[in-house]
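Here's the letter readout for the chains.
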Amino acid sequence: MTTIKLTIEYDGSRYPGFSTKKKSASIDSKLALAIRDVTGQSTQLFAAVKTEPGVHAAHQIVSFQLEKESFSDNTELLKMKLNAALPADIAVTSLKIADERFVASLAVKSCTYTCRIATDPAAALFSRPYTCVVTESLDLEAMQQAAQLLTGTHDFAAFSNGRTKKSTVRTVETIKINREDQLIQIQLTANSFLRHMPQLLAGTILTAGKKKTDGTTLTLTGVESAAPACPSHAFTLTDVQLR
């Protein structure tokens, strides 16, 4: 068996996440179907990050195994055929032969989500499907202060809407906030994220910016509470760091 490592990107607008119980509707089901159509083989996919409904990806890593004879080591040809078989909103940007033991879901060191926020609807005219538009002015300093409180190793149970018996302790390595005119980008990097955690982190930071400009003070005691979430369509998985 040969292990294949894919780098893919996708528009998550019409998908209920990378994987879901409704197999026919998920991103991994579309990818698995394309692989089967091109190679004649059914295979199990392993994603570095299981993105949530509506979330996009510019850099997702997926691994799977194939019989070598099904593509004859011609990785460029296999990549071209997969892209031809995939829906227009999913694309393979890189296809390589990996170590036989490589499993993308077990090799993740950290991942980064980027949230796009526009303070002027006109500034996001053509990118609105991928942007959270707010009409209030935002205090960047207050947002930076909130980001600082949220950085580090904490119990982020309050920043997830999922139920789990596993540990909810995570390490948020960095939160970077960049502003260019009316567009703000919040980059969240962590060793891993709980369900809905990126949306709730960004929502808390966004609320901090709104509260400060309204003349009120937002107090964050550790990470005990989260503000309303930013919408999923404003998030893109932009990086995956592997061990």
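Residues numbered from 1 in each chain as written. Predicted model: local features only at pLDDT ≥ 70, side-chain atom pairs only at ≥ 80, totals over all residues. Heavy atoms only, no water.

A. Highlighting the layout of surface pockets. The space that makes up the largest pocket amounts to roughly 830 Å³. As for the largest pocket, its lining consists of 35 residues, and the residues nearest its centre are Lys 50, Arg 170, Phe 193, Leu 194 and Arg 195. At the level of elements, β5 (108-118) and α4 (197-213) are the ones that each hand at least two residues to the lining of the largest pocket. Counting residues per element, the lining of the largest pocket draws most heavily on β5, at 4 residues. A breakdown of the residues in the lining of the largest pocket according to their chemical character gives 14 nonpolar, 12 polar and 9 charged. (1 Å grid on protein atoms, 1.4 Å probe; cavity = no way out; pocket = protein on both sides within 12 Å on 5 of 7 lines; lining within 4 Å. Points joined across faces, edges and corners; volume = space filled by probe spheres on them. Helix = DSSP H or I, 4+ residues; strand = E, 2+ residues; numbered from the N terminus. Nonpolar A, V, L, I, M, F, W, Y, C, P; charged D, E, K, R; others polar.)

B. A look at the packing of helix α1 (residues 27-39) against helix α2 (residues 75-85). One can describe the packing of α1 onto α2 by two numbers: an axis separation of 9 Å at closest approach and a directional angle of 120°. When the axes of α1 and α2 are compared, the pair comes out oblique. Between α1 and α2 lies a crossing whose hand is right-handed. Residues Ala 34, Ile 35, Val 38 and Thr 39 of α1 form the contact with α2, whose participating residues are Leu 78, Lys 81, Leu 82 and Ala 85. Taken together, the residues of the contact of α1 with α2 break down into 6 nonpolar, 1 polar and 1 charged. (Axes fitted to C-alpha atoms, helices over the stretch in contact; angles between N-to-C directions. Parallel < 35°, antiparallel > 145°, perpendicular 65-115°, else oblique. Left-handed = near helix turned anticlockwise from the far one by under 90°. Contact = heavy atoms within 4.5 Å.)

C. Examining the state of the cysteines more closely. A complete count under the given rule lists 0 disulfides for this structure. Cysteine Cys 115 remains unbridged, with the sulfur of Cys 230 as its closest cysteine sulfur at 4.2 Å. For Cys 230, a relative accessible area of 3% puts it in the buried group. (Disulfide = S-S within 2.5 Å. Buried < 20%, exposed > 50% of the residue type's maximum accessible area, 1.4 Å probe, protein only.)

D. How the structure looks around the side chain of Ser 160. Looking at the element boundaries, Ser 160 is found in the loop between β7 (152-155) and β8 (169-180). In this structure the side chain of Ser 160 is engaged in a polar contact, spanning 3.0 Å, whose partner is the backbone oxygen of Arg 195. Those residues in contact with Ser 160, other than ones at most four positions away along the chain, are Leu 194, Arg 195 and Leu 200. (Polar contact = N/O pair within 3.5 Å; in protein donor to acceptor, adjacent residues only side chain to side chain.)

E. Quick look at the nonpolar core. Membership of the largest hydrophobic core comes to 65 residues, with the highest contact counts inside it found for Leu 6, Ile 117, Ile 186, Leu 201, Ile 205 and Phe 235. In contact with Leu 201, not counting residues within four places along its chain, are Leu 150, Phe 156, Phe 159, Val 172, Leu 188 and Phe 193. (Core = buried A, V, L, I, M, F, W, Y, C linked by side-chain atoms within 4.5 Å.)

F. Spotlight on the pattern of salt bridges. The tally for this structure, following the rule as stated, stands at 3 salt bridges. For Arg 14, the salt bridge goes to Asp 89, with nearest N and O atoms at 2.6 Å. In this pair, Arg 14 is assigned in the loop between β1 (2-10) and α1 and Asp 89 in the loop between α2 and β4 (90-98), connecting sequence segments 75 residues apart. Overall, the relative accessible area of 53% leaves Arg 14 in the exposed class. Given a relative accessible area of 18%, Asp 89 falls into the buried group. (Salt bridge = Lys/Arg side-chain N within 4 Å of Asp/Glu carboxyl O.)

G. Representation of α2 within the structure. For α2, the full list of buried residues reads Thr 75, Leu 78, Lys 79 and Leu 82. Down the axis, α2 shows its buried residues gathered within 100° of arc, on one side only. Opposite the buried face of α2, at more than 90 degrees from it, the exposed residues are Glu 76, Met 80 and Ala 84. For α2, the secondary structure elements touched by its buried residues are β1, α1, β3 (56-66) and β4. (Arc of directions from axis to C-beta.)

H. A look at unusual backbone geometry. You will see that Asp 181, though not glycine, has its phi angle at about 55°, which is positive. Looking at the secondary structure, you find Asp 181 in the loop between β8 and β9 (183-190). Its relative accessible area of 64% is what places Asp 181 among the exposed residues. The phi torsion at His 196 lies on the positive side, around 70°, for a residue other than glycine. If you trace the backbone, His 196 turns up in the loop between β9 and α4.

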